[in-house]
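Remarks on the overall topology
If you want the building blocks of each chain, they are given just below.
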Amino acid sequence: MATFRIRLPLMTCCNKPLLDQPILARLTGSAFSRLQLVHIGECESTNSLLLDLAEKGAQSGTLVVTDRQTAGRGSRGRQWVSTPTGSLTFSLLWRFSGGLEKLSGLSLATGIAVVEALDHVGAKNVTLKWPNDILYEDQKLGGILIELHADAQGAMAVIGIGINLETPPAIPQYATSLQPSGLDVIIGAPIDRHTVLAALLAKLVEVFDQFDQTGFAGLKERWEKYNAWQNRPVALLRDGKVETQGVCRGADEEGLLLIETDQGIEHCISGDLSLRALC
Ligand code: BTN
């Protein structure tokens, strides 16, 4: 097993670490040899920590997993709240061939890996909301935050993933949910974080290898299968205002959202997607 030598705060002595590295390595299988695990008891944000490590020369495959994230970051500058036993919070550094422009669609590709890994551990019918939400019955089960880092050799991505293992308390990212989902609710059995994390890591490595070869184009059909809004009426909101509305037709080969409007198919770069009310 590869190790990454860097000075980081250790676990507090009274808190038993939530992650056992040999168990994780065994469950992850051969993909674990591609990773350098940094397990840390507490940090502000695994994404921020990994971006710092990338600046200091961390290699592709560096994986930061924390038990407690104190200032987790969500998309669009939001906070990401998690609890040690109720959440899985980790970030993975991955180098892709080509420049930053080749990374469009990476968030969607990551979503595919998450859905398929969760399916593998028994969480069926998890879906994706473009570009980076993980849903169960239209409620947020997790999220993906991708941040980019470029160095002399090319582009790297810090891929941060937060998964709600247990039914969470009323916390900001679930503010709209009266029926918060947790993996324990969905699977109907107690969750073993090692099993879930191992399945995620194995699938991420597989999907990133494919993404590196084909870009999102080679994964597009898989994503559309999990797209919660596929062929459904949607409105794309920007700053709370409807920018485009029509029927969601999936994503193009670069991961842009396709919305069929009266004027034809529009390719949408970003926004706040929400379902349009059916009349
Ligand atoms: C979203 O808003 O949906 C994205 C949430 C991403 C949260 C994860 S938790 C691990 C990693 N570290 C962070 O600070 N954020 C991401």
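These numbers were taken from a predicted model, which means no experiment stands behind them.

This next bit is on the side chain of glutamate 224. In this structure, glutamate 224 sits in helix H6 (residues 220-226). For glutamate 224, a relative accessible area of 16% gives the class buried. Within the structure, glutamate 224 has its side chain in polar contact with the side chain of lysine 220 (distance 2.9 Å). Dropping the residues within four chain positions of it, glutamate 224 is found in contact with Gln230, Arg249, Gly250 and Ala251.

Attention now moves to the packing of helix H1 (residues 21-28) against helix H5 (residues 193-214). Remark: H1 packs on H5, axes separated minimally by 8 Å, with the N-to-C direction vectors making an angle of 50 degrees. As judged from the angle between their axes, H1 and H5 are oblique. By crossing handedness, the relation of H1 to H5 is classed as right-handed. Here H1 contributes Ile23, Leu24, Leu27 and Thr28 to the contact with H5, which in turn contributes His194, Thr195, Leu197, Ala198, Leu201 and Ala202. Partitioning the contact of H1 with H5 into residue classes produces seven nonpolar, three polar and no charged.

Turning next to H1. When H1 is considered as a whole, its buried residues turn out to be Leu24, Ala25 and Thr28. The buried residues of H1 occupy an angular sector of 100 degrees when the element is viewed end-on, so they sit on one face. Projecting away from the buried face of H1 at angles above 90 degrees are the exposed residues Pro22 and Arg26. On its buried face, H1 is in contact with strand S1 (36-43) and H5. Two or three places before isoleucine 23, at the start of H1, stands the capping residue aspartate 20, its side-chain oxygen 3.1 Å from that residue's backbone nitrogen. Immediately downstream of H1, the backbone of glycine 29 shows phi near 75 degrees, a positive value.

One open sheet holds the seven strands; their spatial order is S1-S2-S5-S9-S8-S7-S6, and the pairing between them is mixed. Each end of this open sheet is capped by a strand with a single partner; those strands are S1 and strand S6 (126-129). On average, each strand axis in the sheet is tilted by 20 degrees relative to the strand beside it, whichever way the strands run. When S1 meets strand S2 (residues 62-69), the two strands line up parallel, connected through seven bridges. In the strand pairing of S2, isoleucine 40 is matched with threonine 66.

Criteria and cut-off values
Residues numbered from 1 in each chain as written. Predicted model: local features only at pLDDT ≥ 70, side-chain atom pairs only at ≥ 80, totals over all residues. Heavy atoms only, no water. Helix = DSSP H or I, 4+ residues; strand = E, 2+ residues; numbered from the N terminus. Buried < 20%, exposed > 50% of the residue type's maximum accessible area, 1.4 Å probe, protein only. Polar contact = N/O pair within 3.5 Å; in protein donor to acceptor, adjacent residues only side chain to side chain. Contact = heavy atoms within 4.5 Å. Axes fitted to C-alpha atoms, helices over the stretch in contact; angles between N-to-C directions. Parallel < 35°, antiparallel > 145°, perpendicular 65-115°, else oblique. Left-handed = near helix turned anticlockwise from the far one by under 90°. Nonpolar A, V, L, I, M, F, W, Y, C, P; charged D, E, K, R; others polar. Arc of directions from axis to C-beta. Pairing = 2+ DSSP bridges.

Interpretation note: all reported values are geometric properties and have no functional meaning in isolation.
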